[in-house]
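An overview of the molecular structure
Listed here are the chains, written in short residue letters.
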Amino acid sequence: MKCICCNKEKITGYNGVMINKKYICEDCEKQIKTIKIDDPKYNFYINGLKKIWCCGEE
Ligand SMILES: [Zn+2]
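Residues numbered from 1 in each chain as written. Predicted model: local features only at pLDDT ≥ 70, side-chain atom pairs only at ≥ 80, totals over all residues. Heavy atoms only, no water.

You'll find the protein chain entered in an unreviewed UniProt entry as Inhibitor of sigma-G Gin, with Desulfofarcimen acetoxidans given as the organism.

This brings us to the nonpolar core. The biggest cluster of nonpolar side chains holds eleven residues, and these are Cys3, Ile4, Cys5, Tyr23, Ile24, Cys25, Cys28, Ile35, Tyr45, Leu49 and Ile52. Taken together, the elements giving at least two residues each to this core come down to β2 (22-25) and α2 (42-54). (Core = buried A, V, L, I, M, F, W, Y, C linked by side-chain atoms within 4.5 Å. Buried < 20%, exposed > 50% of the residue type's maximum accessible area, 1.4 Å probe, protein only. Helix = DSSP H or I, 4+ residues; strand = E, 2+ residues; numbered from the N terminus.)

The residue Asn20 is not glycine, and still its phi comes out positive at about 50 degrees. A positive phi angle is found at Lys21, which is not glycine, with a value near 65 degrees. As for its position among the elements, Lys21 is in the loop between β1 (16-19) and β2.

Here Met18 shows up in strand β1. With relative accessibility at 47%, the residue Met18 sits in the partly exposed group. If near-sequence neighbours (up to four positions away) are discounted, Met18 is found in contact with Met1 and Tyr23. (Contact = heavy atoms within 4.5 Å.)

Scanning the entire structure with this criterion turns up one aromatic pair. Judged by centre distance (5.0 Å) and plane angle (85 degrees), the rings of Phe44 and Tyr45 are edge-to-face. Using a relative accessible area of 41% as the deciding quantity, one classes Phe44 as partly exposed. (Phe/Tyr/Trp six-rings, centres within 6.5 Å; stacked < 30°, edge-to-face > 60°.)

Printed below as a string of structure tokens:
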């Protein structure tokens, strides 16, 4: 299972979240929960989430 945020291949069943059949790994999930809007990485993670919300139905 590939994380849609960091594109790292993770073992299925590993900690993380599935949203609309897209996978976010534990690392990215933590980042998303704690990241601040002024963090340079904010857009990176938000874009990852947009892939889920906008393209969830394929
Ligand atoms: Zn990730």
